[in-house]
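Residue-level structural notes
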Amino acid sequence: MLRWLCDLIGYDGESFGTMTSGGSEANLIALKCARDRAGDGVRDHGLSATVFGTNLIVYASDQCHYSLDKSVDILGLGRQSLRKVPSDDRFHIRIDALREMIEHDRARGDTPLCITGAAGATSTGIVDPLDELAEVARQYQLWFHVDAAYGGALAFSEKHRARLRGIERADSVTIDPHKWMFVPFACGAVLMRGGGRILRDAFDITPEYLSEERGGEDVAFDFFRYGQLGTRRFNALKVWMAMKHLGVRGYARIIERQIELAHYFAARIDELENFERVGEVETAVCCFRFAPREVKRGDEDAARDSLQKALQQRIEQSGEAWLATTVLHGRRVLRLNINSFLTERRHIDDLVELLRREGGHLMEEQKV
Ligand SMILES: Cc1ncc(COP(=O)(O)O)c(C=O)c1O
């Protein structure tokens, strides 16, 4: 299963990985491997004994998933060591700002450690320019991690795979079969370009009761040596079955259809009075805003933000559809993510009608 996932994202035969409970654990494992490269003996002697007097810095866009904040804390780097690089108006990481931040940190004596890129950012579904990030990481000799928890599945589609260009240059990749591969919770994976050795260097331990008497090949698949977990669920089985059932082409068909539906929804939103689109559709996520021309006087931004929440609640209470809200560059927006393989065009049409109707009721109610 891990071999298939490595092949999928374009890694070569040396690569390997381990199944995880999800993207949070996968990101933590990847950053642990990056941290261990900070100096000789970090794993055994800790940061204070090995890289004392410098902060190890991880870079990610301001759209990154919160599991990175948690990870740097758990690894003893502190949350402040995660530098949130500003994203541009399409919500991609700004490479110029990233370079500036790295130079600035180096100049003041901190130690840049790792760059992470998003392939399918949580709020917007966008993919950072991975090839450019790989280039910056190479130039500064930093670990390069791609959080493809959601967007990694683009690799199934010949039509959309190009968006991931550069992912194969990453030192590590997170991919979650329980997101865009529709496998039941909980099922993630972290993949290492350099192979299982990297994970074993970070985690291997041989307690007496699990010593290597059996020896040989078996030990190479003792997954407690590849991550934090000891006892594990048989997570690979459900991915294996889904892959056997759908195959690469089956996955490609569903993913392509969902992206098409997200574009269709975006086009319908563009036509709809009182709604506006926010950002781009690069996966099956579309962000948008309920934007009637007039809102209550006073703090207009706050009034517009609360309109999004109010509309989200109305949609939820209708029982007909469910949308999330999120905050992009400080403003609340509505967020659609098509993630059921049963969704069809008529559901999108129904949703647009529902938005129009509930938006209208909301305006009447608030006398906007
Ligand atoms: C981009 C990204 N990375 C990581 C995660 C964390 O994944 P999990 O909830 O499986 O731990 C998420 C979850 O939404 C995500 O969107």
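Up top is the structure.
Residues numbered from 1 in each chain as written. Predicted model: local features only at pLDDT ≥ 70, side-chain atom pairs only at ≥ 80, totals over all residues. Heavy atoms only, no water.

**Focus: helix α1 (residues 2-9)**
Quick reminder of the rule: Three labels apply to residues, based on accessible area from a 1.4 Å probe with only protein chains included: buried if under 20% of the type maximum, exposed if over 50%, partly exposed otherwise in between. Here a strand is any run of E in DSSP of at least two residues, a helix any run of H or I of at least four, and the numbering for each starts at the N terminus. Of all possible arcs, the one meant is that of the directions from the helix axis to the C-beta atoms. Contact between two residues is taken to exist if any of their heavy atoms lie within 4.5 Å; hydrogens are not considered.
All of the buried residues in α1 are Leu2, Leu5, Cys6, Leu8 and Ile9. The arc that holds every buried residue of α1, seen down its axis, measures 155°, which confines them to one face. Buried residues along α1 sit against β1 (16-20), β6 (172-175) and β7 (188-192). Following α1 by one or two positions, Gly10 adopts a phi angle in the positive range, close to 95°.

**Quick word on the site of the ligand**
Inclusion rule: We call a residue near a molecule or strand as soon as one heavy atom of that residue lies within 4 Å of the molecule or strand. The definition of a polar contact used here is a pair of N or O atoms within 3.5 Å, where within protein one atom must be able to donate a hydrogen and the other to accept one, and adjacent residues in sequence count solely through side-chain atom pairs. Throughout, the Shrake-Rupley method with a 1.4 Å probe supplies accessible areas, and for residues the shown protein chains are the sole cover considered. All residues other than Ala, Val, Leu, Ile, Met, Phe, Trp, Tyr, Cys, Pro, Asp, Glu, Lys and Arg, Gly among them, are scored as polar; the first ten of these are nonpolar and the last four charged.
Gly22, Gly23, Ser24, Asn27, His65, Gly120, Thr122, Asp147, Ala149, Asp176, His178 and Lys179 make up every residue found near the ligand. Thr122 is positioned with one of its side-chain polar atoms (N or O) 2.8 Å from an oxygen atom of the ligand. In this structure, Asp176 approaches the ligand through a side-chain N or O atom, which is 3.1 Å from an oxygen atom. Bound to the protein, the ligand loses 81% of the 390 Å² it would expose on its own. Examining the composition of the shell around the ligand, we find that 3 residues originate from one element, helix α2 (residues 23-36), more than from any other. Taken together, the residues of the shell around the ligand sort by class into 1 nonpolar, 8 polar and 3 charged.

**Describing the pattern of salt bridges**
Which entries qualify depends on this criterion: Here, a salt bridge means any Lys or Arg side-chain nitrogen found within 4 Å of an Asp or Glu carboxyl oxygen.
As enumerated under the stated definition, the model contains 32 salt bridges in all. We note a salt bridge from Asp69 to Lys84, for which the minimum N-O separation is 3.1 Å. One end of the pair, Asp69, is in helix α5 (residues 67-74); the other, Lys84, is in strand β3 (residues 82-85), and 15 residues separate them in sequence. Accessibility expressed as a relative area gives 17% for Asp69, which makes it buried.

**A look at the sheet that holds strand β5 (residues 143-147)**
For clarity, the cut-off: A pair of strands is considered paired only if DSSP assigns at least 2 bridges between the two. With axes taken as lines fitted to C-alpha atoms, and helix axes fitted only over the stretch in contact, angles between N-to-C directions fall between 0 and 180 degrees.
Strand order in the open sheet formed by 7 strands is β1-β7-β6-β5-β4-β2-β3, with mixed pairing between adjacent strands. Each end of this open sheet is capped by a strand with a single partner; those strands are β1 and β3. Averaged over all neighbouring strand pairs, the angle between strand axes comes to 20°, with direction disregarded. Two strands pair when backbone bridges link them, and strand β2 (residues 56-61) and strand β4 (residues 111-118) are joined in this way by 4 bridges, in the parallel orientation. Residue Ile57 lies in a different strand from β4, and its bridge partner there is Pro112. With respect to the sheet, helix α7 (residues 130-140) is in contact with β4 and β5, its orientation differing from that of β4 by roughly 170°.

**Details of the sheet that holds strand β8 (residues 275-278)**
Strand order in this open sheet of 4 strands is β8-β9-β11-β10, and the pairing throughout is antiparallel. Here the strands that pair on one side only, and so sit at the sheet edges, are β8 and β10 (324-328). This sheet shows a mean twist of 45° between the axes of neighbouring strands, independent of strand direction. Alignment of strand β9 (residues 285-290) against strand β11 (residues 331-337), held across 4 bridges, turns out to be antiparallel. By the bridge assignment, Phe288 is partnered in β11 with Leu334.

**Some points on the pairing of β1**
Among the 5 residues that make up β1, 5 are buried, leaving the element largely enclosed by the rest of the structure. Both faces of β1 are covered, namely the face carrying Phe16, Thr18 and Thr20 and the face carrying Gly17 and Met19. Bridge analysis of β1 against β7 gives 5 bridges, and the strand direction is antiparallel. Paired with Gly17 across the strands is Leu191, a residue of β7.

**Quick word on the packing of helix α10 (residues 235-271) against helix α12 (residues 345-366)**
The condition that has to hold: Relative orientations are named as follows: roughly parallel for angles under 35 degrees, roughly antiparallel for angles over 145 degrees, roughly perpendicular for angles from 65 to 115 degrees, and oblique for any other angle. Each helix crossing is assigned a hand: it is left-handed if the near helix lies turned anticlockwise from the far helix by less than a right angle, otherwise right-handed if that turn is clockwise.
Closest axis-to-axis distance for the α10/α12 pair is 10 Å, and the angle between their directions is 30°. When the axes of α10 and α12 are compared, the pair comes out roughly parallel. Pair α10 / α12 crosses with right-handed handedness. Contacts between α10 and α12 involve Leu261, Tyr264, Phe265, Arg268 and Ile269 from the former and Arg345, Ile348, Asp349, Leu351, Val352 and Leu355 from the latter. By residue class, the composition of the contact of α10 with α12 is 8 nonpolar, no polar and 3 charged.

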